[in-house]
Structures are given as structure tokens and as C-alpha cells.
Amino acid sequence: MARLQRTVFERNVPARAVVDHALGGTHHAVFWLDDLGERASYPALSAPVRADIAVVGGGYTGLWSALRAKQRHPGARVVLVEARSVGWAASGRNGGFCGAKLTHGRESGRPPDAPDRLDEPGEHALLTRLGHENLAAIGATVDALGLDCQWERTGIVDLAIEPHQIDWLLDAAARAARNGAPHTFLDRAKMRAEVASPTYEAGLVRPDDAALVHPARLATELARAASGLGVEIFEHTRVTDLVPPRRGAHDVVLRTLSSGGEASVRADRVLLGTSAFPTLLPRYRHHTVPVYASAIATEPLPADLLGAIGWRGRQGLADLANRSHRYRLTADDRIVFGGHDAVYHYGGRMSRTYEDRPATFRRLTEHLLTTFPQLEGIRLTHRWSGTIDTATRPGAYFAQAADGRVQHSGGLAGLGVGAGHFAAQVMLDRLDVMDGAPDTERTTLRTVRRMPVPFPPEPVAAAGIRATRLALDRADHQNGRRNLLLRSLDTLGLGLDT
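Below you will find a few notes about this structure. Quick caveat: nothing in here was measured; it's all calculated off a predicted structure. (Residues numbered from 1 in each chain as written. Predicted model: local features only at pLDDT ≥ 70, side-chain atom pairs only at ≥ 80, totals over all residues. Heavy atoms only, no water.)

Points about the pairing of strand S14 (residues 316-319)
Alternating residues of S14 divide into Gly316 and Ala318 and Leu317 and Asp319, and every residue in both groups is buried. In terms of strand pairing, strand S5 (residues 156-160) meets S14 through four bridges, oriented parallel. Looking at the pairing, Ile156 lines up with Gly316 of S14. Pairing analysis gives two bridges linking S14 to strand S15 (residues 325-329), with the strands arranged antiparallel. Across the sheet, the residue bridging to Ala318 is Arg326, located in S15. Between S14 and S15, which follow one another and run antiparallel, lie five residues. (Buried < 20%, exposed > 50% of the residue type's maximum accessible area, 1.4 Å probe, protein only. Helix = DSSP H or I, 4+ residues; strand = E, 2+ residues; numbered from the N terminus. Pairing = 2+ DSSP bridges.)

Structural data, given as C-alpha cells:
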């Protein structure tokens, strides 16, 4: 049996008193949502409505679906229904990394001999191009519609934090060079000169592959822009049932419940963007599981402290551990630091009580202070968690019902800030194809046309997820070596990438 090695975060644990001080002033709240200030609100649905296109879900997938639907078909009546408020769930809680990746395919954070994680070989180049076009389209829309969402095209840096990960970055840099991508490998000295952390062994700068955004503002600004184009948005309105057209009927019916009572939306077409929450299509309810991810935010860093760290490029940073961290600077120079833990609860249960995990927040704080010991003495202000929808295939899937009148997408875990826009475009493309339009590059993708395998029923699902998480953690303690379970999942194109 291979010897287990301590990770950098286990070799360099900050003093308990330093961690206690940092956590002492935090409150359990989402920084991004707190930072919104006043926001527009939308009425609850209290009477039946008829729509040409109905959208369920006020996160990125739903908001982009509604906005793009109205742009494509200005004369259509587009209605969006949200159970709580726009952007309150994953779309307002993530780290604000808007990446070009549409799938967790062959990444720099993989051993060089690992097979591609794309479930359909041969589409990597096309998905890469479409992903960059998707990121560019989001940025162009932010500019064109004047979305006030702190959009920064900073790029991202992949970080080796253990010696064995250096080879992964060198392999990724060589592949990038062959493909003409403007990636730059930085050795330990150059990486630490860029951002001063004693944990860094090397870095790979990917300047064109990501932007940073204020995630909650992006959601509320998309709602504002969609509403301005004529999309009717209803908040605090839960869809309780989806009724497909009966024989001889035409409309899909969404039954709703709000403080105003029961109502309904009758629509010719329906787009579902419900993320980690149970889909309205029962046959697809086992295609994702909800996983809880967590983050912390510091107080704004003073100029001298930020200067000691460097980070002048304000790039997003992500390490290459299986249980990885992502972190970035906010507009007011806080550090938002998240990742490491991804927690599944038996049966896919979701509860507000699962969002406050003291052990998780303490571990994240330790890891932040290990990464930047210069932060000793600072305080954190916020700690929070939220659910992401994880599929057995690393990337979004696309489903449909009612002869294509109902389109559904899920499985965007870790990619949703950018891939939510792509998912919306795919679903709208598929509706247009129904109406006689030609297929697009997006609709002909095999990763769009083919569904992932569902998760098995309990208790097998919980046991499999637990075994996979333990195997990933063990690999981090064995120089990245993946055991038989992980190698088998790699071969089958399965996994739990978040």
C-alpha cells in the first residue's frame, strides 16, 4: 500500500488563536447577496397567464433563457417564474468565476496519462472553441446592455501546490502551445513573484479562459435587462406541477402556488432551469444530486497588506488538488475563498440547516491562512454555503419532454456562471429546430444529444459518492495517484467533478 503523505495544508496549519480571531466576527450570510443593497422586486403570480415561452427558475440558466428568448423572438410573450427571489440560490452564492470551459474535460489538474473526461471523444476542440465564443458573447452582452456586475476579464491561474502537480502544468502548457493557446507556465519563483504564497510550486496563466463577475449582481442585472425587454418575471411563485399537453390540446400547463394563491401558466414552450432543485420531469430526477459547497470572505484588505501579497493582475486562482480551492479578489479588495468540501446528504436531502457547517468554515479559514500567512490578524466577515447540481458526467446535460415542447438542462456544477448561458442557447436552439430552423453546432454536439447515466437509488448512491470522495482525498495524499475506482470512472467518463 502506498504511503500517505500530508498535504501542504496539513503540513502548515496556522495557530488556533489566529483562526479563532479570523472567524470571530463572521456572520452566516452570503457576501454577494449582502452586497447587493436595494434590488428590484417582482410580483408573485396570482392569476392565470398565457405565454408563448415559459421559463422556470430565476438563476443564470433561466434568466439567460428568458433574455435570449425575448431577443430572438421580440413579439413572443415570455414569462419567468421563480420560487424565491432572482439569484438567491447558486447563482448568487458562487465564486463569480465565469469560465470558457463547458465541461470538466481534459484539464491541467489531471495526471498527464489520465484519459479525457469528455464522454464523447473528438469534440474537445469544438467544445473549446464554442466555450470561448460563449464567454465572449457574455462579455459582449454585459457591455451592450450595460449590466452593472463588476465584469473583469482577468483570466485564471492554475496552481500547483504540491511538487507532483508541476508535471501536470507542464503537460497542460505543452498541449496549449500545440493548440496555439496563450498560456504561460510560471515556475515557483515567478509564480510567487506574481502572487506571494508559500504554498505555490508553479502556475499556469490562462489569460483568455475566464472573467470575474459579481455573481448576485449578474443575476439581478439579467433580470432587469430581461424585464426591460418585456419579459414578465414572477417571484415567490413555486411551480408545483408540470402537465404536458393532453390529446388534442396544445399548451403545457405549469401549476403554481404563491402568497396570492394557486394559479397557472399555460405555454406553448417551457424551459426548465431549476439547477440542484428537483426537476419537474420525474424521469430525470436521478440525473443530478445536490452537493453543498462553501465559501468565506475577508474584510477589505488594506493597501499595504494587498501590496505584500501582490496579485496585481487580480486573476482568479485555482489549485490542482482533487479537493481544490478557488479564490479571487472582490471590487473592494476582499478575498472570497471557497472549495475543498463538497457535501452530499443521504437521499439528496436539502435543508437550510445544512448551510452552516462550522467544521467546513474552520477548515477553509485554516487553508486561507496557510495560503496567505500575511493575513494573520485579519477578520472574516461572511461564511456561507449553497447547493450545486452534480451529474455523473462532468458537464451539462440536456433533456426534453412533451415532444420537445419542454426543454431541460442540468449538471452545470462548477461551470454554471458561464455554462448557464450556453445551456440557455442550446435549449432555445432546440426549440427553433422544432419550428423548422436548421441544427446548429450546439445542437449537433454528441454531448448535447446524449444523456449521462442516472445516479443509482439509495443506499447505493450515497455509498458510491462517499467512496469516490474518499478516493479523491486519498489521491491528494498519494502524489495524485488514482486508485482502481477513480481509474475505472475515468475510463467510463464518469465522475463527481465540482
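Considerations on the nonpolar core
Nonpolar side chains tend to gather and get buried jointly when the protein is soluble and globular. Counting residues in hydrophobic clusters, the biggest one holds 49 residues, and the most contacted among them are Val78, Leu218 and Leu222. Elements that contribute at least two residues to this core include exactly strand S2 (49-56), helix H4 (60-72), strand S3 (78-81), helix H6 (124-145), helix H9 (215-229) and helix H12 (416-434). It is H12 that contributes the most residues to this core, nine residues altogether. Residues Trp311, Tyr327, Leu368 and Phe372 belong to the second largest nonpolar core, which totals 33 residues. (Core = buried A, V, L, I, M, F, W, Y, C linked by side-chain atoms within 4.5 Å.)

Points about the sheet that holds strand S17 (residues 380-390)
As summarised here, the arrangement of the nine strands in space is S1-S17-S13-S16-S15-S14-S5-S7-S6, forming an open sheet in which the pairing is mixed. Looking along the sheet, the strands with just one partner apiece sit at the ends: strand S1 (27-28) and strand S6 (184-186). The sheet contact formed by S1 and S17 spans two bridges and is parallel. Residue pairing for S17: His28 is matched across the bridge by Arg383. Sheet strands touched by helix H11 (residues 358-371): S1, strand S13 (289-298), S15, strand S16 (335-343) and S17. Its angle to S16, the strand with the most contacts, is close to 130°. (Contact = heavy atoms within 4.5 Å. Axes fitted to C-alpha atoms, helices over the stretch in contact; angles between N-to-C directions.)

Re the pattern of salt bridges
This model, assessed by the stated rule, comprises 32 salt bridges. Asp158 serves as the salt-bridge partner of Arg206, at 2.8 Å between the closest nitrogen and oxygen. Pair noted here: Arg206 is in strand S7 (residues 202-206) and Asp158 is in strand S5, with a separation of 48 residues, a long-range link. Two residues, Asp241 and Arg255, come together in a salt bridge whose shortest N-O distance is 3.3 Å. Highlighted residues: Asp241 in strand S10 (residues 237-243) and Arg255 in strand S11 (residues 252-258), separated in sequence by 14 residues. Given a relative accessible area of 30%, Asp241 falls into the partly exposed group. Of the residues examined, Arg255 reaches a relative accessible area of 41% and is grouped as partly exposed. The structure contains a network of salt bridges with shared partners spanning Arg72, Asp429, Asp432 and Arg442. (Salt bridge = Lys/Arg side-chain N within 4 Å of Asp/Glu carboxyl O.)

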